[in-house]
Amino acid sequence: MPVSASSSRAQVRWRRSLQAEILTAWSDRLHRTWARELEAETGIDNGLRRCGGLHVAGSEAGRRRLAAALARWRDLGIRCERLDGAALAAREPALAGAVARGVIEAGVLLSDEAQIRTSRHLDALHASCLARGVTITPATVHGIAVTGDRVTGVDTTAGTIRAGHYCLAAGSWSGGLAASLGLTLETVPIRGQIVLVRLPRQVLAWIVSFGLDYLVPRPDGRLLVGATIEDVGFAADTTATATADLMGVARRLLGDIPDERVERTWAGLRPGNVDGVPSIGRAPRQRNAWVSAGHFRAGIHQSTGSAVLLADMILGARSPDRPVFDDRAFDPARPAPADPGHGESVRAYLDRVAEAVAAPP
Ligand SMILES: Cc1cc2nc3c(=O)[nH]c(=O)nc-3n(C[C@H](O)[C@H](O)[C@H](O)COP(=O)(O)OP(=O)(O)OC[C@H]3O[C@@H](n4cnc5c(N)ncnc54)[C@H](O)[C@@H]3O)c2cc1C
């Protein structure tokens with residue numbers, strides 16, 4: 001049967017996103033091992049907790065997407081269980097009101113979903129690197145020197161730094177530096193804002209995902225409400241509108257929460273690849289230049305697998321528990337998707353991610 005250009009593009013995209021999901025599942029396993037090892041080595045508990053997650057939906061479209069996500073999770077061997085409204089309310093009494101109001105009608109329970117305290121994780125990684133003799137030089141890179149098929153140094157505010165191999169991992173800023181390598185990276189900054197709410201007592205036991213929004217209960221009683229997905233260039237500030245929108249989500253799910261409960265808000269820039277899959281691998285023109293960028297909403301989650309995969313690539317090694325990947329899926333030099341694709345607007349991309357990643361409310 002002939003395959004149309006658009007259906008073959010869709011297949012390529014589907015195969016790539018499947019590779020990204022395999023990377024996520026592997027990274028999950030690595031996080032559990034790393035958390036234990038980092039604590040033993042550095043004494044820092046990075047806060048990795050398997051608290052479980054409830055993915056909930058209200059509208060019919062949301063429930064259809066949740067059903068599709070459930071099938072994907074099952075294919076990947078992820079433990080999951082479908083719940084109707086009554087079962088959801090029984091599992092998470094704080095959501096009983098939302099179920100009664102018809103905001104939520106169905107859900108999926110992922111008992112292995114976990115949370116981590118990112119800043120503590122970075123502290124632990126930092127301490128572990130220092131203990132292993134790694135030199136960390138805080139500096140801004142403003143140029144990459146290339147001779148023939150090799151990078152010969154990076155010019156930084158701390159002077160020129162030379163190494164055997166170089167890895168470009170500058171998040172949303174990677175595209176500008178990649179140009180020095182003759183590489184086009186379609187990594188765009190996507191702002192995310194988060195609200196931290198201080199409740200008198202913790203009401204949630206599970207992470208609750210509602211479409212692309214989520215509530216993360218911290219053991220200290222606080223609640224993270226996240227996160228916006230905004231195409232506003234490199235502006236990394238917070239806005240009152242976003243805070244109000246996020247508080248609106250929290251109130252739809254949990255009932256009234258006074259504004260005074262907002263303790264903090266913050267924003268960051270996610271490095272979003274236009275095809276939704278990270279770039280991990282060798283730069284096409286230099287033998288000793290590597291890239292790890294474009295992880296968008298999953299860069300913390302996928303960090304462990306990405307690091308081990310990249311280290312394997314550089315060393316020409318194969319970590320024992322590494323899944324079989326089609327490495328081309330992450331190739332930094334893969335062609336940007338053609339129309340709709342090359343030149344696909346970030347908005348169209350975000351709409352597609354919204355469809356694919358989770359069930360909207
Ligand atoms: C609100 C919000 C919530 C999120 N929630 C989650 C989540 O729940 N789970 C998850 O997995 N991910 C989440 N993410 C996404 C995650 O934070 C990113 O995917 C991840 O941080 C990407 O890591 P990175 O190292 O590639 O880029 P970054 O974290 O952006 O780091 C890049 C670094 O490079 C530095 N840099 C840039 N240019 C230069 C230069 N010229 N010289 C030197 N240094 C440079 C930058 O200063 C920065 O420190 C969230 C993001 C946001 C904003």
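As the structure is a prediction and not an experimental result, all values here were calculated from the model. Throughout, a residue's number is its position along its own chain's written sequence, starting from 1. Restriction of local features to residues with pLDDT of at least 70 applies here, the model being predicted, together with a cutoff of 80 or more for giving and counting side-chain atom pairs; totals for whole chains, interfaces and linings are based on all residues.

Moving on to the pairing of strand β10 (residues 213-217). Consecutive side chains of a regular strand alternate in pointing toward one face of the sheet and then the other. The element β10 is largely enclosed, with a buried count of 4 among its 5 residues. When DSSP finds at least two bridges between two strands, those strands are taken to pair. Helix and strand assignments come from DSSP, with helices taken as H or I runs of at least 4 residues and strands as E runs of at least 2, each series counted from the N terminus. Here 3 bridges tie strand β9 (residues 207-210) to β10, and the two strands are oriented antiparallel to one another. Bridge assignment links Phe210 to a residue of β10, and that residue is Asp213. Joining the antiparallel neighbours β9 and β10 is a turn of 2 residues, in which Gly211 adopts a positive phi near 65°. Two strands pair when backbone bridges link them, and β10 and strand β11 (residues 222-226) are joined in this way by 4 bridges, in the antiparallel orientation. By the bridge assignment, Val216 is partnered in β11 with Leu224. In this structure, the hairpin formed by β10 and β11 is closed by a connection of 4 residues, where Gly221 is found at a positive phi of approximately 100°. Counting other C-beta atoms within 10 Å of a residue's C-beta gives its exposure: the residue is buried at 20 or more, exposed at 12 or fewer, and partly exposed in between, where C-beta atoms are placed from the backbone.

Next up on the list: helix α2 (residues 60-75). Expected span of a helix: the number of residues minus one, times 1.5 Å. If you check α2, its first and last C-alpha atoms are 23 Å apart, about what 16 residues at 1.5 Å a residue would give, namely 22 Å. Within the span of α2, buried status applies to Gly62, Arg65, Leu66, Ala69 and Leu70. For α2, the arc enclosing every buried residue in end-on projection is 150°, short of the 170-degree limit, so these residues lie on one face. Facing away from the buried side of α2 by over 90 degrees, the exposed positions are Glu60, Arg64, Ala71, Arg74 and Asp75. Of the residues trailing α2, Gly77 is marked for its positive phi of about 80°. What the arc describes is the spread of directions from the helix axis to the C-beta atoms.

On to the sheet that holds β9. Pairing is mixed in the open sheet, where 8 strands are placed in the order β2-β3-β1-β9-β10-β11-β8-β12. Edge positions in the sheet fall to β2 (81-84) and β12 (262-273), since each has one partner strand and no second. For this sheet, the mean angle separating the axes of adjacent strands, direction not counted, is 20°. Here the contact rule is simple: place C-beta atoms from the backbone, and any two residues whose C-beta atoms are within 7 Å are in contact. For helices, the fitted line uses only the C-alpha atoms of the stretch in contact; every axis is such a line through C-alpha atoms, and the angle between N-to-C directions lies from 0 to 180 degrees. Packing of α2 onto the sheet brings it into contact with β1 (53-57), β2 and β3 (106-110), and relative to β3 it is tilted by some 25°.

Within a sheet, neighbouring strands are paired by backbone hydrogen bonds and run either parallel or antiparallel to one another. The strand order across the open sheet formed by 3 strands is β4-β5-β6, and the pairing between neighbours is antiparallel. Strands at the two margins of the open sheet, each flanked by one partner only, are β4 (141-147) and β6 (159-161). Across the sheet, the mean angle separating the axes of adjacent strands is 25° when strand polarity is ignored.

In this section: the site of the ligand. In the region of the ligand, 23 residues are neighbours, and Gly171, Gly192, Gly268, Gly299 and His301 sit closest. Listed by contribution, the elements that provide at least two residues to the shell around the ligand are β8 (187-198) and β12. Take the shell around the ligand: its biggest share by element is 3 residues, from β12. Each residue is assigned to one class: nonpolar for Ala, Val, Leu, Ile, Met, Phe, Trp, Tyr, Cys and Pro, charged for Asp, Glu, Lys and Arg, and polar for all the others, Gly among them. The residue makeup of the shell around the ligand, split by class, is 12 nonpolar, 9 polar and 2 charged. Only the C-beta atom matters for this test: placed from the backbone, it must lie within 6 Å of a molecule or strand for the residue to be near it.

When pLDDT is averaged along the chain, the result is 89, and 89% of the positions lie at 70 or above. The predictor attaches a confidence to each residue, called pLDDT, with possible values from 0 through 100. Of the regions scoring below 50 in pLDDT, residues 339-344 engages in 8 contacts with residues more than four places distant in sequence or in other chains.

The subject of this paragraph is the environment of Gly58. Within the secondary structure layout, Gly58 lies in the loop between β1 and α2. Along the backbone, Gly58 and Gly102 are 44 residues apart, and their C-alpha atoms lie at a distance of 6.8 Å.

Looking now at the pairing of β8. Across the 12 residues that make up β8, a large majority, 9, are buried. Bridging between β8 and β12 involves 11 bridges; their strand directions are antiparallel. Residue pairing in the sheet places Val188 in a bridge with Gly272 of β12. Strand direction decides the pairing type here: β8 and β11, joined by 5 bridges, are antiparallel. Bridge pairing in β11 places Val195 opposite Val225.

Further remarks concern the nonpolar core. For this entry, the nonpolar core is defined as buried Ala, Val, Leu, Ile, Met, Phe, Trp, Tyr and Cys residues connected by C-beta atoms within 7 Å. Counting residues in hydrophobic clusters, the biggest one holds 35 residues, and the most contacted among them are Val208, Leu215, Val225, Ala250 and Leu253. With 6 residues, helix α7 (residues 240-254) is the largest single contributor of residues to this core. Setting aside its immediate chain neighbours within four residues, Val225 contacts Ile194, Val195, Val197, Leu215, Leu246, Met247, Val249 and Ala250. Counting 24 residues, the second largest nonpolar core, distinct from the first, contains Val154, Ala178, Val277 and Trp290.

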